[in-house]
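Here is how the chains run, residue by residue.
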Amino acid sequence: MEERYEEEIRGLLQEIETCEAEREECLRAISRQHGETLQHILKTISVQKDRGDGVINQDVSKLMTEISDLEKDHRRQTDVSGISLSECWVKTLEKSNTKTIQQYRLTGRCWLLSFQVEFALTEIQDGETILKKVTDFNIISDGSEFKDLCGFLSSVEESKSVFLFFRTLRSFSERCKLRTCTYQHFKEKYPDVVHLPEGCRSEIMVIQSPQLPGCTMSIFWNITVSKEGTVKPKIDLLMKMPEQAEKLDTESVVESAPGCFQSLLTAFGVEATIESLIQSVCF
């Protein structure tokens, strides 16, 4: 009989621990989602109690300072990583003295790329050592850029490496941002010559002068990602001329253009090379 009672007591204690963990997670979620509102309320309370007990004012002031410090830390981490989380949901699935399983869902953006990842984290206490293992890793992505990440996403879901995903996402998004900003710059500077048929976030930019109908130079700026998470840009040039003009191309300009383009990229970089191409058809 006593053993049965002890077993029930242990079960109740585990349920209490689980409830306390869920309560803490709810409080953290409320703080993340409604931090500004809470801070406003605390300020209001501070003003209302300004003539009251000094202890209350001190407690409120301390809470406001803690919230402000957390917000600064969050902004600093966002600036460093480039990743901004809009939701961080955590649920405890199992909790005991030696084992804890929690389900995570992270939603956010890395530059213009939206993402949502879900995974379970198992922590096992082995003496003084804590063993951690990620399971059930799923990624939901949004944006045309992610088509270049398909192979990598499948690989990282299989390997369940959360760190590799975020590291590669940051590197990939930085490359996408550079490409988009470069295309936008030239489109704004040469609106009659530069065309972005699929938008500034796509991989294609077309250079075509109104004075040279039929002559186009298309830049294909791909961003490749290996299954290991290596991010590399690949920029190529495709030049087209009318058939009659090609017959007059005795110096094989069209044929040698891609190779010359690669040499210019190596010597002068992306922006200077594209600028020289545009200048060649404008003046």
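Calculation notes
Sequence order sets the numbering: in each chain, residues are counted from 1 along the sequence as written. In keeping with the model being predicted, local features are shown solely for residues with a pLDDT of at least 70 and side-chain atom pairs are shown and tallied solely at 80 or more, while totals for entire chains, interfaces and linings include all residues. To obtain the side-chain values, all non-hydrogen atoms of the structure were included, while hydrogens and water were left out. Numbering of helices and strands runs from the N terminus; a helix is a DSSP stretch of H or I covering at least four residues, while a strand is a stretch of E covering at least two. Burial status follows relative accessibility: with a 1.4 Å probe on protein chains alone, a residue under 20% of its type maximum counts as buried, one over 50% as exposed, and anything between as partly exposed. Note on definitions: a residue-residue contact is assigned when non-hydrogen atoms from the two residues lie within 4.5 Å. What counts as a ring pair is set by centres within 6.5 Å for rings of Phe, Tyr and Trp (its six-membered ring), and what kind of pair is set by the plane angle: stacked under 30 degrees, edge-to-face over 60, tilted for all other angles. Here, a strand pair is defined by DSSP locating no fewer than two bridges between the strands. To obtain each axis, a line is fitted to C-alpha atoms, and for helices this fit is confined to the stretch in contact; angles are then taken between N-to-C directions over 0 to 180 degrees. When an angle is under 35 degrees it counts as roughly parallel; over 145 it counts as roughly antiparallel; between 65 and 115 it counts as roughly perpendicular; any other value is oblique. In a left-handed crossing the near helix is turned counterclockwise from the far helix by less than a right angle, and in a right-handed crossing that turn is clockwise. For this classification, Asp, Glu, Lys and Arg are treated as charged, while Ala, Val, Leu, Ile, Met, Phe, Trp, Tyr, Cys and Pro are nonpolar and the rest, including Gly, are polar.

(A) Seen up close, the overall build of the chain. When helices and strands are counted, the chain shows 8 helices and 8 strands. When each of the 283 residues of the chain is scored for burial, the buried share is 31%.

(B) Quick look at the environment of Thr 180. Tracing the backbone through its elements, the reader meets Thr 180 in helix H5 (residues 162-189). Considered as a pair, Thr 180 and Arg 201 are 21 residues apart in the sequence and their alpha carbons are 5.2 Å apart. If sequence neighbours within four positions are ignored, Thr 180 has contacts with Trp 111, Cys 200 and Arg 201.

(C) Looking closely at the packing of aromatic side chains. Throughout the structure, instances matching the rule amount to 7 aromatic pairs. Judged by centre distance (6.2 Å) and plane angle (70°), the ring pair of Phe 115 and Phe 165 falls under edge-to-face. Taken together, the positions of Phe 115 in strand S3 (residues 113-126) and Phe 165 in helix H5 put the pair 50 residues apart, joining distant regions of the chain. Each member of the pair, Phe 115 together with Phe 165, is buried. Taking 5.8 Å as the distance between ring centres and 80° as the angle between the ring planes, the aromatic pair formed by Tyr 183 and Trp 221 counts as edge-to-face. With a gap of 38 residues between them, Tyr 183 in helix H5 and Trp 221 in strand S7 (residues 216-225) connect regions that are remote in the sequence.

(D) View of the sheet that holds strand S5 (residues 194-195). Pairing is antiparallel across the open sheet formed by 4 strands, whose spatial order is S5-S6-S7-S8. Strands with a single pairing partner mark the edges of an open sheet, and in this sheet they are S5 and strand S8 (231-240). The sheet contact formed by strand S6 (residues 204-207) and S7 spans 4 bridges and is antiparallel. Following the sheet pairing, Met 205 is matched in S7 by Ile 219. Against the sheet, helix H8 (residues 270-282) makes contact with S5, S6, S7 and S8, and its axis sits at roughly 165° relative to S7, the strand it touches most.

(E) Highlighting the pairing of strand S1 (residues 83-95). Inspection of the sheet shows S1 paired to strand S2 (residues 99-110) by 11 bridges, in the antiparallel sense. By the bridge assignment, Trp 89 is partnered in S2 with Arg 105. If you look at the hairpin formed by S1 and S2, you'll find 3 residues sitting between the two strands.

(F) Spatial organisation of the sheet that holds strand S4 (residues 129-142). Spatially, the 4 strands line up as an open sheet ordered S1-S2-S3-S4, and their pairing is antiparallel. Where the open sheet ends on each side, the last strands, each with one partner, are S1 and S4. On average, each strand axis in the sheet is tilted by 15° relative to the strand beside it, whichever way the strands run. Note that S2 and S3 share 12 bridges and pair antiparallel. Paired with Arg 105 across the strands is Glu 118, a residue of S3. Across the sheet, H5 lies against S1, S2, S3 and S4, angled at about 155° from S3, the strand it touches most.

(G) Broad picture of unusual backbone geometry. In this model, Asp 136 sits at a positive phi of 50°, which is unusual for a non-glycine residue. Positionally, Asp 136 belongs in strand S4. Notably, Lys 160 is not glycine yet its phi reads approximately 60°, a positive angle. Considering the arrangement of structural elements, one finds Lys 160 in the loop between helix H4 (150-159) and H5.

(H) Inspection of the environment of Ser 263 at higher detail. Examined against the element boundaries, Ser 263 turns out to sit in helix H7 (residues 253-268). Look at Ser 263 and you get partly exposed, because its relative accessible area is 48%. For the pair Ser 263 and Thr 273, spaced 10 residues apart in sequence, the C-alpha separation works out to 9.4 Å.

(I) Representation of the packing of H5 against H8. Interaxial distance between H5 and H8 falls to 11 Å at its minimum, and their mutual angle equals 30°. When the axes of H5 and H8 are compared, the pair comes out roughly parallel. Along this stretch, H5 crosses H8, giving a crossing that reads as right-handed. Residues Thr 182, Phe 186 and Lys 189 of H5 lie in contact with H8, whose contacting residues are Val 270, Glu 271, Ile 274, Glu 275 and Ile 278. Residue classes in the contact of H5 with H8 are distributed as 4 nonpolar, 1 polar and 3 charged.

(J) Region of interest: the packing of H4 against H5. Interaxial distance between H4 and H5 falls to 9 Å at its minimum, and their mutual angle equals 160°. It follows that H4 is roughly antiparallel to H5 by the angle criterion. The chirality of how H4 crosses H5 is left-handed. Facing H4, whose interface residues are Phe 152, Leu 153 and Val 156, H5 presents Leu 164, Phe 165 and Thr 168. Of the residues assigned to the contact of H4 with H5, the class counts are 5 nonpolar, 1 polar and no charged.

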